Amino acid sequence: MLVLFFLVSLAHALYANSKHIYELTPDSFDDVVYKTNHTSVVEFYAPWCGYCQQFKSQYIKAAQASSDVAQYAAVNCDSPENKQLCNEYRIEGFPTVLVFRPPKWTGKITRKNGHSSEIYRGERVASKLTEFVKGRVKNYVKRVNAGKFASFVAPEDKPRVLLLTSKTSISPMFKALAIDFLGSLEFGYLTVTDQIRSEVEKLIDLKQLPQIVVIDRHGSFHRYEGPTERTAIAKFLGNYGVAEDGETSTRGAFLRGLKKGLYKSFRDFKKSRAEKSKSAKNVKDEL
Ligand SMILES: *[C@@H]1O[C@H](CO)[C@@H](O)[C@H](O)[C@H]1NC(C)=O
């Protein structure tokens, strides 16, 4: 009976099959939206609402285009278990898109749920939403100019990640990587102008731009050679620091499991991990 109910409610969920959109419930909402330094987009909808059905393909498109800079989620307000959640956020019309921004992390403990939320009132078009969301990603990437270059690349306890680019603006994906490694790696970007080119070239080969270089604690340089893709870069950066968020982190494993319906909450995920490692240990003890 319970299983049947679960299947029925998933069947009505608009985004159960969309790779980049998490269908949230009261069990998972706080874990996904508040326990992260990433920006989250949440669409509150009802499956029967015409505007929601119209918006669906645009929302999926937006998530595809920018799931590597922000999280995308949805709440089915027609589902009985979500009624209270939708009341709490004062959802009055469907669809309502809320964008949640975490407080800036300063190294101190911040108050829980210090996030701000704002209603997206723009056009319900993927490109417009994506643009809006990209502008709401917190920035932890420092601008490194000619005056700061020497000190940025000097040996220091915390390894540094430097994006060398010909552009003057920071790529949103690089901002997202800085969030994944918050507290572990320091991020900077340097716009290579004619003025500083020769100074930089004394240390770094600038044949190719953009490029990412890690300066480890001993001051050695390590150039990233792979594709310009968040997970691939995160794997490389994992050699020098620890990701607390993103695909390669523990949280990433939880989010994948949530998407597959394996867990309902982070607590579920932790419990299942603990059980797995316990049974692995038992097997080892028996051998
Ligand atoms: C932000 O990142 C820091 C460092 O990893 C972490 O201590 C803090 O809990 C994170 N904040 C949130 C809201 O998850």
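- The protein chain carries the name Thioredoxin domain-containing protein in an unreviewed UniProt entry, which gives Ogataea haglerorum as its organism.

### Observations concerning helix 7 (residues 172-180)
- Counting buried residues along helix 7, eight of its nine residues qualify, which places the element largely inside the surrounding structure.
- Met173, Phe174, Lys175, Ala176, Leu177, Ala178, Ile179 and Asp180 are the residues of helix 7 that are buried.

### Describing the nonpolar core
- Core analysis: the biggest nonpolar cluster contains 49 residues, and Tyr72, Leu129, Phe174, Phe187 and Leu237 have the highest contact counts within it.
- When residues no more than four places from it in sequence are discounted, the contact partners of Tyr72 are His20, Ile21, Tyr22, Val41, Tyr59, Ala62, Ala63, Ser66, Ser67, Leu129, Thr130 and Val133.
- By size, the runner-up hydrophobic cluster in this structure holds 23 residues, among which are Tyr34, Phe44, Leu85 and Phe269.

### Let's talk about the site of the ligand
- Surrounding the ligand, one finds Tyr34, Lys35, Thr36, Asn37, Trp105, Leu182 and Glu244.
- Measuring from an oxygen atom of the ligand, one finds a backbone N or O atom of Thr36 at 3.3 Å.
- In the complex, 66% of the free accessible area of the ligand, which totals 360 Å², lies under the protein chains.
- Looking at the shell around the ligand, its residues break down into three nonpolar, two polar and two charged.

### Thoughts on the pattern of salt bridges
- Applying the stated criterion across every chain, the model contains 12 salt bridges.
- Here Glu247 ties to Arg256 by a salt bridge, and the two come within 3.2 Å at their closest N and O atoms.
- Judged by relative accessible area, which is 43%, Glu247 ranks as partly exposed.
- What emerges from the salt-bridge pattern is a single network uniting Asp205, Lys207, Arg223 and Glu225.

### Comments concerning the sheet that holds strand 4 (residues 96-101)
- Taken together, the five strands give an open sheet; going across it, the order is 1-3-2-4-5, and neighbouring strands pair in mixed fashion. Because the sheet does not close on itself, it has two edges, and the strands there are strand 1 (21-23) and strand 5 (116-119). Across the sheet, the mean angle from the axis of one strand to that of its neighbour is 25°, orientation sign disregarded.
- As paired strands, strand 1 and strand 3 (residues 71-76) are joined by three bridges and run parallel to one another. Bridge pairing links Tyr22 to Ala73 in strand 3.
- Docked against the sheet, helix 10 (residues 250-260) engages strand 1 and strand 3, running at close to 65° with respect to strand 1.

### Regarding the domain arrangement of the protein chain
- According to the domain assignment, the protein chain contains domain 1 (15-138) and domain 2 (141-237).
- A C-alpha centroid distance of 31 Å is found between domain 1 and domain 2.
- The tally of links from domain 1 across to domain 2 stands at zero salt bridges.
- Split into classes, the residues belonging to the side of domain 1 that touches domain 2 amount to three nonpolar, three polar and three charged.

### Some points on the packing of aromatic side chains
- As enumerated under the stated definition, the model contains 20 aromatic pairs in all.
- Seen from their ring centres, Phe29 and Phe44 are 6.3 Å apart, and the 40° between their planes marks the pair as tilted. Placement of Phe29 in helix 2 (residues 29-33) and of Phe44 in strand 2 (residues 40-45) is noted, with a sequence separation of 15 residues between them.
- Looking at Phe29, the relative accessible area reads 0%, which means it is buried.
- Residue classification places Phe44 among the buried positions, given a relative accessible area of 0%.
- Sitting above the plane of the Tyr140 ring, Lys104 keeps its charged end 4.5 Å from the centroid.
- Lying over the aromatic face of Phe132, Arg136 brings its terminal NZ or CZ to 3.9 Å of the ring centre.

What counts and what doesn't
Residues numbered from 1 in each chain as written. Predicted model: local features only at pLDDT ≥ 70, side-chain atom pairs only at ≥ 80, totals over all residues. Heavy atoms only, no water. Buried < 20%, exposed > 50% of the residue type's maximum accessible area, 1.4 Å probe, protein only. Helix = DSSP H or I, 4+ residues; strand = E, 2+ residues; numbered from the N terminus. Core = buried A, V, L, I, M, F, W, Y, C linked by side-chain atoms within 4.5 Å. Contact = heavy atoms within 4.5 Å. Near = heavy atom within 4 Å. Polar contact = N/O pair within 3.5 Å; in protein donor to acceptor, adjacent residues only side chain to side chain. Areas by Shrake-Rupley, 256 points an atom, 1.4 Å probe, with all protein chains shown as cover. Nonpolar A, V, L, I, M, F, W, Y, C, P; charged D, E, K, R; others polar. Salt bridge = Lys/Arg side-chain N within 4 Å of Asp/Glu carboxyl O. Pairing = 2+ DSSP bridges. Axes fitted to C-alpha atoms, helices over the stretch in contact; angles between N-to-C directions. Domains from an automatic or database assignment. Phe/Tyr/Trp six-rings, centres within 6.5 Å; stacked < 30°, edge-to-face > 60°. Lys NZ or Arg CZ within 6 Å of the ring centre and 35° of its normal.

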